[in-house]
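# Report on the structure
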Amino acid sequence: MTFQVWGWRREDASQVLAWVPDAEGGRGAAMPRGTPATKDPTAVERANLLNMAKLSIKGLIESALSFGRTLDSDYPPLQQFFVVMEHCLKHGLKVRKSFLSYNKTIWGPLELVEKLYPEAEEIGASVRDLPGLKTPLGRARAWLRLALMQKKMADYLRCLIIQRDLLSEFYEYHALMMEEEGAVIVGLLVGLNVIDANLCVKGEDLDSQVGVIDFSMYLKNEEDIGNKERNVQIAAILDQKNYVEELNRQLNSTVSSLHSRVDSLEKSNTKLIEELAIAKNNIIKLQEENHQLRSENKLILMKTQQHLEVTKVDVETELQTYKHSRQGLDEMYNEARRQLRDESQLRQDVENELAVQVSMKHEIELAMKLLEKDIHEKQDTLIGLRQQLEEVKAINIEMYQKLQGSEDGLKEKNEIIVRLEEKTNKITAAMRQLEQRLQQAEKAQMEAEDEDKKYLQECQSKSDNLQKQISQKEKQLVQLETDLKIEKEWRQTLQEDLQKEKDALSHLRNETQQIISLKKEFLNIQDENQQLKKIYHEQEQALEELGNKLSESKLKIEDIKEANKALQGLVWLKDKEATHCKLCEKEFSLSKRKHHCRNCGEIFCNACSDNELPLPSSPKPVRVCDSCHALLIQRCSSNLP
């Protein structure tokens, strides 16, 4: 039995709302038309609307929870809820007169919510932006739908009820929103926060909809109750079946993901084994290079020691020759002074030559000081070279220690790889067990599907057998849930093992990077060794230049000796004027040096002036050329009797 109400008016409420349903959905007391009402008609209207709101909200929540999904705009209980809310908001509205017609809509009080509740500005703006809405009633209906989707309808209407001064502009004093029934309805709306609704407001024609309450949804019969119970049981069985199917799909997806992970782990293990083999080969190469460098360092040390010994011997011999030449010069200088004292007549002619000799002596002293400074500097460089060689030895020792440490690390890595292989074997065994269990679960699922088909065919005739089968299915579901829990625990353990293996892989990669850095340090040490070799060659060149300077100093000393002979009246040739030997006419060089003859004053080579004879100016034997030597011997032989 249905009773449709097309509109609510205060004037004819006693005639339209003559039949009052109770809160439980049954038939209430029927009042005959035309009988006088003992109660206030507005109070009866408010009570009727409150009862309808209770029934619609209760039915919507129960049906939504049993439905178990998000509600669409085509859901009948939801449509009836919006119709009831529209009638509740329209109750007691004041009629606003305009030039063209009378205006009586609920959009005016709903617009106040934006001022009272700042979060409602988004709803108001979105409702105004909708293109299909032309009337205020359509905007109000869209506003109610958006507020339900936001789950804030109770909050928005509570703000309106509190501000009764503002509501008095739109509602009469006896309206539902101005009395206690409005607060009760707002409290009931809080329960709608449990519902998830997905309503399409753009495409709906909200302006032309007619708000009609369908009372048949709230009337209950025994047949409907039995059908509903059966439908609920069937829906529960179907939900259980869907749940089991989803669980099986999830298990299949997890098994496939685990297979892919195991494959990736096997590939990463093979890559790590290859990297370890490459690292071992690199370490062997580094060891060979280290041995070569050690042998090269030993050879370099031997060569440097030999060169140092040779240079020491050369320096000592040159110093001894310099000392002997210095003593000979002092003796010759004393003899010259004695001769100068005896020969006072020649003093005036010789004074100029003495000044020249004194300046030459100062220059020689300065040259000797410079030579001594050079010798000290070379000794300092030799000390620095020794220190650098010691540092190279220390670096080689450190590199050997690092190589030993890297070998120990490689042994540990090999042990870790063996452990990882054992873990992968265990994981593969666990995966096989999981596959067997999944096959068993699939078989059980197939059996359950067959039983479900048979059960659906015999559902109408055998209701008692359904309960027994449901109990059996529940037992099987319990068993499946226990199996799923066990499999989840296995999955967690597998994930933990995978994370541990990833950590071990990252540790191995860090160690390989350290090995690469050690190789770079070893290359830097090789570069330093080459630089030391270059420094060593440069120092050898410096020592050769020092020997050349010493030879030049010897030549200068001989020149001084020859200059002292010039005091006896001999004419000495200058070194710059003589370029060839006077006897053999060969050109002078570093190997073929210049030598003055103490008798004639000419310049000869070593082969042409390797004779020594005592002269009347010096009792000691002095260097003489071959021609002077022959003449002096002839004179001596002629003077003999």
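Refer to the structure printed above.
Let me sum up the structure you'll find in this document. In this text, all values refer to a predicted model and were calculated from it rather than measured experimentally.

### Quick word on empty space enclosed by the protein
Within the structure shown, the criterion is met by 12 cavities of 30 Å³ or more. Here the second largest cavity is characterised by a volume of approximately 80 Å³. Surrounding the second largest cavity, Ile283, Leu286, Met399, Lys402, Leu403, Ser406, Ile515, Leu518 and Phe522 form its lining. Every element with two or more residues in the lining of the second largest cavity is listed here: helix H10 (222–342), helix H11 (347–457) and helix H12 (463–565). When residues in the lining of the second largest cavity are grouped by element, the largest group, four residues, is from H11. Partitioned by chemical class, the residues of the lining of the second largest cavity number seven nonpolar, one polar and one charged.

### Describing the packing of aromatic side chains
Applying the stated criterion to the full structure yields three aromatic pairs. When the ring of Phe81 is compared with that of Phe82, the centres are 5.6 Å apart and the planes differ by 55 degrees; the resulting orientation is tilted. Each member of the pair Phe81 and Phe82 is classed as buried. A ring pair is formed by Trp143 and Tyr156, whose centres lie 5.7 Å apart and whose planes are at 50 degrees; its orientation type is tilted. In this pair, Trp143 sits in helix H6 (residues 136–150) while Tyr156 sits in helix H7 (residues 153–162), placing the two residues 13 residues apart along the sequence. Like Trp143, the residue Tyr156 is buried in the burial classification.

### Overview of the pattern of salt bridges
Taken as a whole and judged by the stated rule, the model has 10 salt bridges. Where Glu111 meets Arg128, a salt bridge forms, and the shortest distance between an N and an O atom there is 3.8 Å. Of the two residues, Glu111 is situated in helix H4 (residues 107–116) and Arg128 in helix H5 (residues 121–129); the sequence distance between them amounts to 17 residues. A relative accessible area of 41% places Arg128 in the partly exposed class. A salt bridge links Asp155 to Arg158; the nearest nitrogen and oxygen atoms lie 3.1 Å apart. You can see Asp155 and its partner Arg158 sitting in helix H7, three residues apart, about one turn around the helix.

Calculation criteria
- Residues numbered from 1 in each chain as written.
- Predicted model: local features only at pLDDT ≥ 70, side-chain atom pairs only at ≥ 80, totals over all residues.
- Heavy atoms only, no water.
- 1 Å grid on protein atoms, 1.4 Å probe; cavity = no way out; pocket = protein on both sides within 12 Å on 5 of 7 lines; lining within 4 Å.
- Points joined across faces, edges and corners; volume = space filled by probe spheres on them.
- Helix = DSSP H or I, 4+ residues; strand = E, 2+ residues; numbered from the N terminus.
- Nonpolar A, V, L, I, M, F, W, Y, C, P; charged D, E, K, R; others polar.
- Phe/Tyr/Trp six-rings, centres within 6.5 Å; stacked < 30°, edge-to-face > 60°.
- Buried < 20%, exposed > 50% of the residue type's maximum accessible area, 1.4 Å probe, protein only.
- Salt bridge = Lys/Arg side-chain N within 4 Å of Asp/Glu carboxyl O.

Geometric values such as these leave the question of function open.
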